[in-house]
Every structure is written in structure tokens, then in C-alpha cells.
Amino acid sequence: MLMQLLVNYLNLFNWVMMISAKASIFVILLLGVKFALRSKLGVRFHYLLWVVLLIGLLLPWTPTSSVSVYNFLDFSKLQQGAATIFKSPYQPYFEMQKTQTHLDKTLGVINTDSKALSTAATQISSNSLPIIIQLMYLDWFCGVLLVSILTIISNKQFAAKIGNNLITDDRILSNFNSLKLKLKIKAEIPLITTRHVKSPSLFGLFHPRILLPLGFEQTFNLEQINYILLHELVHFKRKDLWINWLAQVLVTIHWFNPLLWYAFFQMKEDQETACDAIVISRFAPEQSNDYAHTLIKLAETYSSVPALTCMASLGGSKTLIKKRLILISKPKKTSVSWLLLSVAVIGLIAFSTFTSPKVSAEPLYNQNTNNNEQIEGPSKAIASSSGIIIEDITGSTYKGKVMLIKDSKRVNLAMTKNIGISGERVSDLVKDTGAIAGINAGGFSDPDGKGNGAFPEGLVMHEGKVVYNNVGDKNVNVAGFDEQGKLVIGSMTAKQLQESNMREAVTFKPNLIVKGKVVIDKDGGWGIAPRTGIGQMADGTVILVVIDGRQATWSLGATLRDLAEVFADYHAVTAVNLDGGSSSEMFFQGKVQNRLGNVFGERYLPTAFVVN
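Here's a quick rundown of the structure.

Calculation rules
Residues numbered from 1 in each chain as written. Predicted model: local features only at pLDDT ≥ 70, side-chain atom pairs only at ≥ 80, totals over all residues. Heavy atoms only, no water. Buried < 20%, exposed > 50% of the residue type's maximum accessible area, 1.4 Å probe, protein only. Helix = DSSP H or I, 4+ residues; strand = E, 2+ residues; numbered from the N terminus. Pairing = 2+ DSSP bridges. Phe/Tyr/Trp six-rings, centres within 6.5 Å; stacked < 30°, edge-to-face > 60°. Axes fitted to C-alpha atoms, helices over the stretch in contact; angles between N-to-C directions. Parallel < 35°, antiparallel > 145°, perpendicular 65-115°, else oblique. Left-handed = near helix turned anticlockwise from the far one by under 90°. Contact = heavy atoms within 4.5 Å. Nonpolar A, V, L, I, M, F, W, Y, C, P; charged D, E, K, R; others polar.

### Notes on helix α18 (residues 560–569)
Since there are 3.6 residues in each turn of an α-helix, residues three or four apart along the chain are aligned in direction.
And then number 1: Looking only at α18, the buried set comprises L560, D562, L563, A564, V566 and F567.
And then number 2: Backbone geometry just after α18 places H571 at a positive phi near 60°.

Structure representation (C-alpha cells):
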């Protein structure tokens, strides 16, 4: 249960980071459009534009699109460049080796099984998220909690001290009720005077009240009071307090993003100017000057109001009052042509910034054909003309893909051309070798999430030769194919691997199925995450499995036990876990088949199993 809560929390954080990044790009472009069209659009339309941002931040999932701006960004390349500039590509490996050596020596002093503890520590280190990421999760959660508590406390404290000193002046009440009637407002909205506000304000989400400063009746004449009350009633009519609360919830979730704080600050200013425009539209043109004088008198008489979520005030900073006076003196109306143009531009910006890059795809095969090739498994298999079968799989916490290849000799290993410099994407590795499909294979050195796929972990064999070795004479768990196309898994040294009949192999663990039996105890101890694995049936059919994860509204991920049971369902006699997490990917005929958890697309890796 605790693990499930942790996974949900990490998936939520991943979604927040992605949507916050998208929203930031949208805000920058939106502010640019608002500035460019400031003289063409009315203030009410300027305010409505912020609704697009609110909707975008609420989207739990966005579709892929060919016009998404992220199709033209290659974040992985930027990561590679940063890793090369700020850190020697060889340094991460040596640092990791030194750390592990120190750990081994330290554990050796303790009166316990040093080797077992060292293995467990290595397993945790290679499969847990970097400590900096875990600290970021904690920091974000504490920030959300702190901002939420402060927001609730400040609003509750203010609500408790404003009192219930009702206005009893018959003239004011009569005009107020008349204004409510014109706006078709039936709700009971008390008029309360209090020393705790310095400007007329609408306060309260479920029990709205209009708060007026003490001595308000003596400061303003009846006509000015009508303007003020109408302004607050327009806030109520437009549900501005609900908008403010929604904005506060969103900015609390994204408290770390200063661009969103600024955006919502601008939204509240547009909210006030839009409210002004509605107020003066209900009076004769010459009365707009009287309304402007009322605002000036407010600025001269009262100071700014407290920044509370459930409050909409007529007052504001002197800068805002000045801006509002200018807009009142020179009201703008939006022509139909400019309205249509701005809607089209904002729509395109929203679609291109909030959609995801076109790296995922729906199942390629969704209907039966006359050439179906049936392979026993948990669901009906649909075969392609290439002899490859792809199926969808679903579990209690995950969704994924299974690829079946009848001829195991078609499965080979592909390595990056730039070993020691940079990795390649699975799609590149597939294309470089002239293959048609592929999945990610072995692990690689990735300290603090800054690795660029240049350095595999352990042993790598390609075409019968050990082409990479960073473990010396140590035993490591390898997975690969021999000359007959049999999947071989187990612990070997570099010498044993070279002397074997193997032709392709990478290093990763743990083994999932050995001699037809699941060998994972309980859930495997590695938590829930995206997974990749490779297995083989008794008749030689190769099973490639990729499970999506870290996507709260799509797939959380799978445990090692879940992955092992998928292979068991397909009657695998041998199966092993491969590198997972952000690396998990299945590529076929020019398309990524699974849903990648990274908005920036494919990760750069050292190795992939490809199908020719």
C-alpha cells in the first residue's frame, strides 16, 4: 500500500513537471500575443484568454500532434552536450566505481555477509532514482503543503475577524437591490462594514459578502456607491472568485514556477479591467468619467487590500489604478476580424504547446486479417506481413506492449556508433542496422541522471566478440543469444562469455524465468516502474515486453513480479529483466509503439535488441 502511494506521488510529480514546462512556454507566447494585439482587442477578451491557460494546466493527458513544438526540440541532445561540457564522459564511471569500492570496504568491516549487502546496495543504487530527484519530490510536496496551509489559514483568520456589522442605510440597500435585480442576481449578499478592509471587496466563496470600509457612507456619495456596488456584483455574476480559487489551487501545485505566479498576477489585473468595462457599459458614456473619478478617490482614500484568494476588490495598486483609468478613457472594442484572428492564433499556440510530440502510436493492428498467425498467449494475436506480432497487455497498475518474433535468429544486438562519446535512440539503432523493430537492452552509467548513453554497464558482446568490459574479471548477469538463436541468461565473466557459444549479449538483471519457472520472490523489491524484458518460448519464439510507467492517468508501471508473470502467461521458458525506467521503449516500422513517459521523446542508450 505504501509503495502504491509512493508511485502515485512520483507519477503526479512527473505530470506536474511536464505540464508546468508546457504551460511556461504557452505563457511566454500568450504574453507576446497579448502585447502585439493590445490595441486591437478589448479588455474583456484579454481576460478570457487566460481561460486557455487554466484549461491547459488541468489536462491530465494530452494527445500527440505533428504540430507540437516539442517535435522540433531534442532535449536529449542538450543533455548530451551539457554532460560533455560540464563533466568528462569518463568521470561518472570512475566515480561510481570508487563509490562502490568504498562501499565494499566499509561493509567488509561489519560482521555480516558483505557480498550480499554490497549486491543489495548496488541493486538499490542502479534502480532507485537519483537522490537529487528524490529531494526534488520532497521539496515540491512540502512546498504544496506549506502554500496550502498558509492560504487556508489566512482566509479563515480573515473571515473570523471581519464581523457582521450590516449596512442599514435604506437608500444604499434600495439601490443595491435594484442593481441585483438588473443583473438577475437572486443570491443573498450582505453588505458589511469592517475596519479590516481598506477598499470595497467581494469576499467569500460559498457565503459571499460585500465588505466596505468603516466610514464608507460618509466618504462617497450615493452615485459613487452605486458604481462601487455594481463593480462587486459584476465580480459575483462572472464567478471571478471561483476563477481566483482555481488559479490559487493551480499556482499552489506549481509553486516553484515563477512564470505561472506572474501569469496569474496578470490575469487578476485583466480581471479588474474587464470588470470595469462591464460596469461602464451599463451607464451612459458621460458617466465613465464619474466612474474614473471614483477610482481616483479610492486610490487617494484607501490603501491596497490583503491578497486573499477568496476576495475580489475594486481597489488595487496605484499602477493598476492608472492602467484602468487609461483603459476607461480609451475603451477598445474587438472587431470580428481581429477576434477571429486572435482565436486562431491562440488556438494554434495552445495546441502546439500543450500537445505532446508524435513519438507514441496506437496499436498497429486492430482487426483480423486472412493471414493471421496464431501464437498461444493471454490474448488474441494479430500477425503482420513482416512476421512480427504485437499485442497490448494490461495489468492492475500498468499497460504495455508485447512483440513476438517466431524466428529467433532475426534478433540481434545494436550498439551506438559513438561508444564512449554518446548513445543513440532506439529508433536510430534500428535504422542504422537496417532493422524493422527494436527495444532498449542493457543498462548504462547514468550518475545523477546526467548520463548520455555512452557507457554500457558490465559486458557487451557483439557478433561473437566482447566489445565492452568495465567489470574486469568479475561475474555479471548477462542475457543474449547463442549461434542457434537460443536465449541464454546467467552469471558469467568476460572470459567465460568469450569462450561460450554466444553471439550477442548485454548485462542486466534479475532473471525472471529459468527453466519455465518464475524465480522472482514476492514483488521483486524494485517497486513499480516502466519495465523492459526479453524472453523465449520452448519453440524458440522470442518475446519482447515493454511496460509503460510513471504516467498517472495512463500507466503507473509494473513490479518485477508483474513482468515475470507476463512472460509466464506467454509460456516463456527463459526471461530476464532489461533496463527500464525512462529507457523503456518499443519501436516498429518507423513508430514508437508504447507511450514514453518523457515529453522530450526517446532516450539516448548504448544498446538495443533489434529485429532484422
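### Some details on the sheet that holds strand β15 (residues 517–518)
And then number 1: Here we have seven strands laid out as an open sheet, ordered β5-β6-β17-β16-β18-β14-β15, and antiparallel in their pairing. Each end of this open sheet is capped by a strand with a single partner; those strands are β5 (388–394) and β15.
And then number 2: Alignment of strand β6 (residues 399–405) against strand β17 (residues 542–547), held across six bridges, turns out to be antiparallel. Bridge pairing in β17 places I405 opposite V542.

### Describing the packing of aromatic side chains
We describe a pair of aromatic rings using the distance from one ring centre to the other and the angle between the two ring planes.
And then number 1: Summed over the entire model, instances satisfying the criterion amount to six aromatic pairs.
And then number 2: Their ring planes at 70° and their centres at 5.0 Å tell us that F158 and F203 sit as a pair that is edge-to-face. With F158 in helix α7 (residues 131–161) and F203 in strand β2 (residues 201–203), the pair connects residues that are 45 residues apart, well separated along the chain. Accessibility classification places F158 together with F203 in one group, the buried group.
And then number 3: The interplanar angle of 85° and the centroid separation of 5.8 Å between the aromatic rings of Y227 and Y291 together place this pair among those described as edge-to-face.

### Considerations on the packing of helix α3 (residues 50–58) against helix α12 (residues 258–281)
And then number 1: Viewed as axis vectors pointing N to C, α3 and α12 meet at an angle of 140°, and their least axial separation amounts to 10 Å. In terms of orientation, α3 lies oblique with respect to α12. The chirality of how α3 crosses α12 is left-handed. Contacts from W50, L53, L54 and L57 in α3 reach L260, A263, F264, Q266, M267 and D270 in α12.
And then number 2: Each residue belonging to the contact of α3 with α12 can be placed in one class, and the counts come to eight nonpolar, one polar and one charged.

Treat this as a map of the structure, not an account of what it does.
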